[in-house]
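Spelled out, the chains give:
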Amino acid sequence: MSERGAGRASAHERRRHEFRPNYVSFAGTYQCNLACPHCSVPIEWRDRLPVPVALRFLEECRELGVEWLGFTGGEPFVYPEFVIDVARRGAALGFRFDKIVTNGAWQSGRAHAETVLAGLLDAGFTGTLGVSVDRFHPVGTAPVAEFCRAAAAVFRRDDVLALSYASPSRHEGLEKLRLLAKELGGAFEWSELLGRYLLVTDDLSMTASWNHLAPVERAEDLASAWDGRWFEEDWCEGPGQAFIVNPRGEVKPCCGFASDLDQLTIGNVREHSARELARRGRAHPYVGKVFREGLVAIREQVLRDHKNAVPGATSNHCFFCWFALTRGLAEGVPGRGGQIGRWCTEGPGTDGRP
Ligand code: SF4
Ligand code: SF4
């Protein structure tokens, strides 16, 4: 469910280059009802983050000044009690809600979707439901349209839903979005004003965010990301400056496509407080450098030390990050992970905990 989202930092904050998270997002589970070919998270894990562990960390984040709260996965709604309980505490603590990223096809029917979403509304959730719709998600548009109708009926606000799609470029991979528009009786058009596509129906207005398809993990063979252009520095502001907590309690600094690599773990909520995790992120040999000096500085080091190991240029930040980390090209961190390694494990309690 990783995606490079819109930046949440202010212009002033963007000028300060260091790891200073303002966003916490929980993947209570990596389990999912789908198995997409481009998925970059280990959906084989059966771990679930216990609600009390998440609530304690959420409170620490608030004390630290973190303002935004989101949910990701796996499919967050296969563990609905986690999402609802954490959202309820988040609302009470005054968090601003970001997206809950969902495939919109987890429900057994419209009544099931409405029951879970009504619980979320009752918990005080005021964010958006970000539905992933593209050719990589192996599900028809009928259940997704059913989910959209359920959300519209429960929340009764036209901006409750947003869409996202993964493709090699912004204007490719729109077929399923057009089909969804047809299914909902709406229109799907490019907005010059917003610089993105919009799906509009009588009661919903959904923007569609493009995710630059990163051929990592299962998707390594789906496309080539060496497109001959080098990325520009963006300080990882969209997906980064975050505490992303996975089902094992491990904390990552971003929801970029490389973030499930062990090399981007900055600690664990079972062992470290939010304050310690911010400090550990700044002191981390790779994470600290990405947020302090930028990914371009990492690229320069990689090209200087391992020129022949890089087959070309890529405009995809997270793909480069993943490539450098899995191949052991970045200074200070070991290379491992990806399909060239053993990034997935199977069975319950794979981290040795009960
Ligand atoms: S819906 Fe998301 S989490 Fe589930 S398999 Fe697809 S990409 Fe992975
Ligand atoms: S480039 Fe790396 S550190 Fe930055 S957002 Fe992507 S995965 Fe995260």
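As the structure is a prediction and not an experimental result, all values here were calculated from the model.

Q: So what's going on with the overall build of the protein? Residues and values would help.
A: Counting secondary structure elements, the protein contains 10 helices and 11 strands. The buried share among the 354 residues of the protein stands at 47%.

Q: Explain the confidence of the model for the protein to me, using residue names and the numbers behind them.
A: When the pLDDT values of the protein are averaged, the result is 89; 89% of them are 70 or greater. Overall, residues 1–12 carries pLDDT values under 50, and its contacts beyond four positions in sequence, including any with other chains, amount to 33 contacts. In the predicted structure, residues 340–354 sits below a pLDDT of 50 and forms 15 contacts with residues beyond four places in sequence or in another chain.

Q: Before we move on, can you summarise the pairing of strand β9 (residues 240–245) with the specific residues and values?
A: Judged by how many residues are buried, β9 sits mostly within the fold: six of six residues are covered. One ladder, built from three bridges, connects strand β1 (residues 23–26) with β9; its direction is parallel. Residue S25 lies in a different strand from β9, and its bridge partner there is I244. The pairing of β9 with strand β10 (residues 250–254) spans three bridges and is antiparallel. Bridging across to β10, V245 finds its partner in V251. The turn linking β9 back onto β10 is made up of four residues, and G249 within it adopts a positive phi angle of 90°.

Q: Hey, could you go over the packing of helix α9 (residues 295–306) against helix α10 (residues 317–326) for me, with residue numbers and the actual values?
A: Between α9 and α10, whose axes approach to 11 Å, the crossing angle comes to 45°. Put simply, α9 runs oblique to α10. Crossing of α9 against α10: the hand is left-handed. In this structure, α9 contributes L295, I298, R299 and V302 to the contact, and α10 contributes H317, F320, C321 and A324. Looking at the contact of α9 with α10 residue by residue, the class counts come to six nonpolar, one polar and one charged.

Q: So, the site of ligand 2: which residues are in play, and what are the values?
A: Lining the immediate surroundings of ligand 2 are 13 residues, of which C236, C254, G256, C318 and C321 lie closest. For the shell around ligand 2, a count of residues per class yields nine nonpolar, four polar and no charged.

Q: Describe in detail the nonpolar core, supporting the description with residues and values.
A: Of all hydrophobic cores here, the largest spans 99 residues; its most connected members are V83, A151, L177, F243, V245 and W322. Every residue in contact with V245, bar those within four places of it in the chain, is listed here: F26, A27, L49, F57, V251 and V269.

Q: Any chance you could break down helix α5 (residues 141–155) for me, citing the residues and the numbers?
A: Here α5 spans 21 Å end to end across 15 residues, near enough to the 21 Å set by a 1.5 Å rise per residue. Looking at α5, one finds that the buried residues are T141, V144, A145, F147, C148, A150, A151 and F155. On its buried face, α5 is in contact with α4 (110–122), β4 (129–132), β5 (161–167) and α6 (175–184). Downstream of α5 by one or two residues, R156 has phi in the positive range, about 50°.

Q: Provide a residue-level description of the site of ligand 1, including the pertinent values.
A: The immediate surroundings of ligand 1 are formed by 13 residues, with C32, L34, C36, C39 and N103 found nearest. Residue composition of the shell around ligand 1, by class: eight nonpolar, four polar and one charged.

Q: Please give an account of the sheet that holds strand β7 (residues 196–200) that cites residues and values.
A: Ordered in space as β6-β7-β8-β5-β4-β3-β2-β1-β9-β10-β11, the 11 strands form an open sheet in which the pairing is mixed. Of all the strands in the sheet, just β6 (187–191) and β11 (267–268) have a single pairing partner and so form its edges. Where strand β2 (residues 68–71) and strand β3 (residues 96–102) come together, three bridges link them in parallel fashion. Residue pairing across strands places L69 opposite F97, the latter belonging to β3.

Q: Tell me about unusual backbone geometry, and please be specific about residues and values.
A: Of the consecutive residues G73 and G74, the connecting peptide bond is found in the cis state with omega at 15°. By secondary structure assignment, the location of G74 is in the loop between β2 and α3 (80–93). In this structure, Q241 takes a positive phi of about 55° despite not being glycine. Mapped onto the elements, Q241 comes out in strand β9.

Q: Can you lay out α4 for me, pointing to particular residues and giving the numbers?
A: Relative to the 18 Å expected for 13 residues at 1.5 Å per residue, α4 spans 18 Å between its end C-alpha atoms, a close match to the ideal helical length. Where α4 is concerned, the buried positions are A113, L117 and L120. Seen end-on, α4 carries its buried residues on one side only, within an arc spanning 50°. Along α4, the residues that are exposed and aim more than 90 degrees away from the buried face are A111 and D122.

Calculation criteria
Residues numbered from 1 in each chain as written. Chains lettered and ligands numbered in written order. Predicted model: local features only at pLDDT ≥ 70, side-chain atom pairs only at ≥ 80, totals over all residues. Helix = DSSP H or I, 4+ residues; strand = E, 2+ residues; numbered from the N terminus. Buried ≥ 20, exposed ≤ 12 C-beta atoms within 10 Å, placed from the backbone. pLDDT = per-residue confidence, 0-100. Contact = placed C-beta atoms within 7 Å. Pairing = 2+ DSSP bridges. Axes fitted to C-alpha atoms, helices over the stretch in contact; angles between N-to-C directions. Parallel < 35°, antiparallel > 145°, perpendicular 65-115°, else oblique. Left-handed = near helix turned anticlockwise from the far one by under 90°. Nonpolar A, V, L, I, M, F, W, Y, C, P; charged D, E, K, R; others polar. Near = placed C-beta within 6 Å. Core = buried A, V, L, I, M, F, W, Y, C linked by C-beta atoms within 7 Å. Expected span 1.5 Å × (residues − 1). Arc of directions from axis to C-beta.

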